[in-house]
Amino acid sequence: MRLSAIGSPNANRSKYNSNIKNNQKNAQSFKGGMGLVNFWQWVDNGGRALQFTIEDMFGTNIPRTYKGAMAGYKYTGKVNVPALLQEAIREFLTGPTMCIVPIVVLNTAMKSSGKTANTHVENIENLSYLMSKTKSGDAKDFEKRFYTTCVEDMLKQTTNQDAIKKEHVESLVSQIQELGNSTDKKKTAGILASLQENFEGITKKLMDEETFKKADFTAAKYSISETKTGSANFKNYVEYMSNFAKDYSKKYSKEASDGISKININSFKNTWIGKRVAVIASMFALTGVCMSIIPKIYTLASGSRNPNASAIYDEAEGKNVKVQKKGGK
C-alpha cells in the first residue's frame, strides 16, 4: 500500500480538492436560500405598511381563514363555507384597512396643504426654533441658510462636539438641497442612502470614544429649545427639514426677502401643529368608521348565526351525521 507523507503534494492536493467540493456545496445551499433572502429584503424595503401586511397575512389571515373553513369538519366532513367567508372577509379587510386608511388621509393632507403634514409635532417645534436661529437674507439662498443652521445643530448635538468643520456641514447641506429638488422616488431613495452614509462617516470622525460607544448612527439629535433636545431617525429628519423649508418658503418668501421673522415663525409653527393634530385625529376617526363597517360585511356574507359554532350547535341538536372513518368504529 502506498503511503503519502504528511504535507506531500498529493496529500495537499487531495485536501484542496475536498475543500473546493465543500465550498461548492455550501455555495449551492446558500444560493438556494437567496430567493428567501431577497424576498425579506423586498419586504424590509417596502416600509412598515408592507411589513405589517406580510406579517398579518402569514400570522393571522391565512391560518384563521383555514380554521374557519375547517370549523365543524369532524362533525360534517364538509368545508364550512360560511365560516370561511366570515374569517376571510374579517381578516383580509382588517389589516389593510388599518394600513391603507391612515396613508390615504396623510397623502391627501400632504397634497392639499403641504408635506409638513407628515412632520411630527416635536420636529415642527424643533425646526421652528432653528428657523429663529437662521439669519435673514435673500430669498434665493433661504433654504441653504436654513439647512446650514439645522445641520450645524444636528452635528453638534449628535456628536457632542462644539467645533464642526465647515466642509462637513456643506457636504450634507448640498445633498439635502439635492434631496429637496428630487421628484423621482428611486433617485430620492438613492440620495437618502448616500446622505445616511455621509452622516455616519462624519459623525464617526467627530465623536469621542465615550459618545461613539453609545451612538446610534441611524439617528440624528437636534435642539428643540435652548435647553431641550430630541432625536429622530436621520432619514426622516432630513425629509422633515426639506419639507418644512419648502412649505415655509411658499408662504413667506418674497422677491427680495425670505420672510424670517418671529411673527411669521410662530404663525407657521402654530398653524402646522394644528394641522398635524387634525391629520392624526382624522386618521383615527376614519379608520374607526371603516373598521366598524367590516363586521356588517362579514355578517351579511356568513349569516346572522355564528358559522364557526353552527356545526357544534347542529351536533347538539342531533342534526349532524358523524363522518365514519375507514374501518370505522
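Located above this text is the structure these notes cover.
The text that follows walks through the structure, step by step, so that each part is easy to find. (Residues numbered from 1 in each chain as written. Predicted model: local features only at pLDDT ≥ 70, side-chain atom pairs only at ≥ 80, totals over all residues. Heavy atoms only, no water.)

Remarks on helix α8 (residues 185–206)
For an α-helix, the turn length of 3.6 residues means that residues three or four places apart are oriented alike. Under the 1.5 Å per step criterion, the end-to-end length of α8 is 32 Å for 22 residues, consistent within 8% with the ideal 32 Å. Among the residues of α8, those classed as buried are T188, I191, L192, L195, Q196, N198, F199, I202, T203 and L206. If you follow the buried residues of α8, they end up packed against α6 (142–159), α7 (166–181), β1 (219–223) and α10 (234–252). At the N-terminal end of α8, a side-chain oxygen is found 3.2 Å from the backbone nitrogen of K186, two or three residues along, and the residue is D184. (Helix = DSSP H or I, 4+ residues; strand = E, 2+ residues; numbered from the N terminus. Expected span 1.5 Å × (residues − 1). Buried < 20%, exposed > 50% of the residue type's maximum accessible area, 1.4 Å probe, protein only. Contact = heavy atoms within 4.5 Å. Polar contact = N/O pair within 3.5 Å; in protein donor to acceptor, adjacent residues only side chain to side chain.)

Considering a nonpolar patch on the surface
A cluster of nonpolar side chains, namely L93, L286, V289, I293 and I297, defines an oily patch on the protein surface of about 380 Å² accessible area. Tracing the sequence through the fold places I297 in helix α11 (residues 262–302). (Patch = residues over 30% accessible without salt bridge, like charges linked within 9 Å, V, L, I, M, F, W, Y side chains within 5 Å. Areas by Shrake-Rupley, 256 points an atom, 1.4 Å probe, with all protein chains shown as cover. Salt bridge = Lys/Arg side-chain N within 4 Å of Asp/Glu carboxyl O.)

Notes on the environment of T211
Topologically, T211 is positioned in helix α9 (residues 209–214). Taking the C-alpha atoms as reference, T211 lies 6.9 Å from T159; in sequence the two are 52 residues apart. Residues contacting T211, with those up to four places away along its chain left out, are T158, T159 and N160.

Describing the side chain of D258
Take D258: it is sitting in the loop between α10 and α11. For D258, a relative accessible area of 0% gives the class buried. In this structure the side chain of D258 is engaged in a polar contact, spanning 3.0 Å, whose partner is the backbone nitrogen of G137. Looking at D258, its side chain comes within polar contact range of the main-chain nitrogen of I260, at 3.1 Å. Residues in contact with D258, not counting those within four places in the same chain, are K135, S136, G137, D138, A139, F142, R145, Y248, Y252 and S253.

Remarks on the packing of aromatic side chains
Inspection of the entire model under this criterion finds 12 aromatic pairs. When the ring of Y252 is compared with that of F268, the centres are 6.3 Å apart and the planes differ by 65°; the resulting orientation is edge-to-face. Residue Y252 is found in helix α10, and its partner F268 is found in helix α11; the two are separated by 16 residues along the sequence. Under the relative-accessibility criterion, F268 is labelled buried at 1%. Taking the centre distance of 6.2 Å and the plane angle of 55° together, the rings of F268 and W272 count as tilted. A residue pair is termed a helical-turn pair when its members lie 3 or 4 positions apart in one helix, as F268 and W272 do in helix α11 at four residues. Using a relative accessible area of 4% as the deciding quantity, one classes W272 as buried. Among the aromatic side chains, those forming a connected cluster through ring pairs are F142, F146, Y147, F244, Y248, Y252, F268 and W272. Directly above the ring of W272 sits K275, whose terminal nitrogen or CZ lies 4.3 Å from the centroid. (Phe/Tyr/Trp six-rings, centres within 6.5 Å; stacked < 30°, edge-to-face > 60°. Lys NZ or Arg CZ within 6 Å of the ring centre and 35° of its normal.)

Section: the packing of helix α5 (residues 121–132) against α6
The geometry of α5 relative to α6 is characterised by a closest axis approach of 9 Å and an angle of 110° between their N-to-C directions. Put simply, α5 runs roughly perpendicular to α6. The handedness of the crossing between α5 and α6 is right-handed. Where α5 approaches α6, its residues L127, L130 and M131 are matched on the opposing element by F142, F146, T149, C150 and D153. Of the residues contributing to the contact of α5 with α6, the split by class is six nonpolar, one polar and one charged. (Axes fitted to C-alpha atoms, helices over the stretch in contact; angles between N-to-C directions. Parallel < 35°, antiparallel > 145°, perpendicular 65-115°, else oblique. Left-handed = near helix turned anticlockwise from the far one by under 90°. Nonpolar A, V, L, I, M, F, W, Y, C, P; charged D, E, K, R; others polar.)

A short note on unusual backbone geometry
For N160, which is not glycine, the phi torsion reads 60° and is therefore positive. In this structure N160 comes out as exposed when scored by relative accessible area, which is 57%.

Examining the nonpolar core
Grouped together as the largest cluster of nonpolar side chains are 49 residues, with contacts concentrated most on F146 and M241. Breaking this core down by element, the ones donating at least two residues are α4 (81–112), α5, α6, α7, α8, β1, α10 and α11. Residue contributions to this core peak at nine residues, all from α10. Those residues in contact with M241 that lie beyond four places of it in its chain are L127, F146, Y147, C150 and I176. (Core = buried A, V, L, I, M, F, W, Y, C linked by side-chain atoms within 4.5 Å.)

Describing the pairing of β1
Taken across its five residues, β1 has four buried, putting it largely inside the fold. Pairing of β1 with strand β2 (residues 229–233) involves five bridges; the strand directions are antiparallel. Each residue of the ladder has a partner; that of Y222, found in β2, is G230. Counting the residues that bridge the hairpin from β1 to β2 gives five residues. (Pairing = 2+ DSSP bridges.)

Function-wise, these values are silent; they only describe arrangement.
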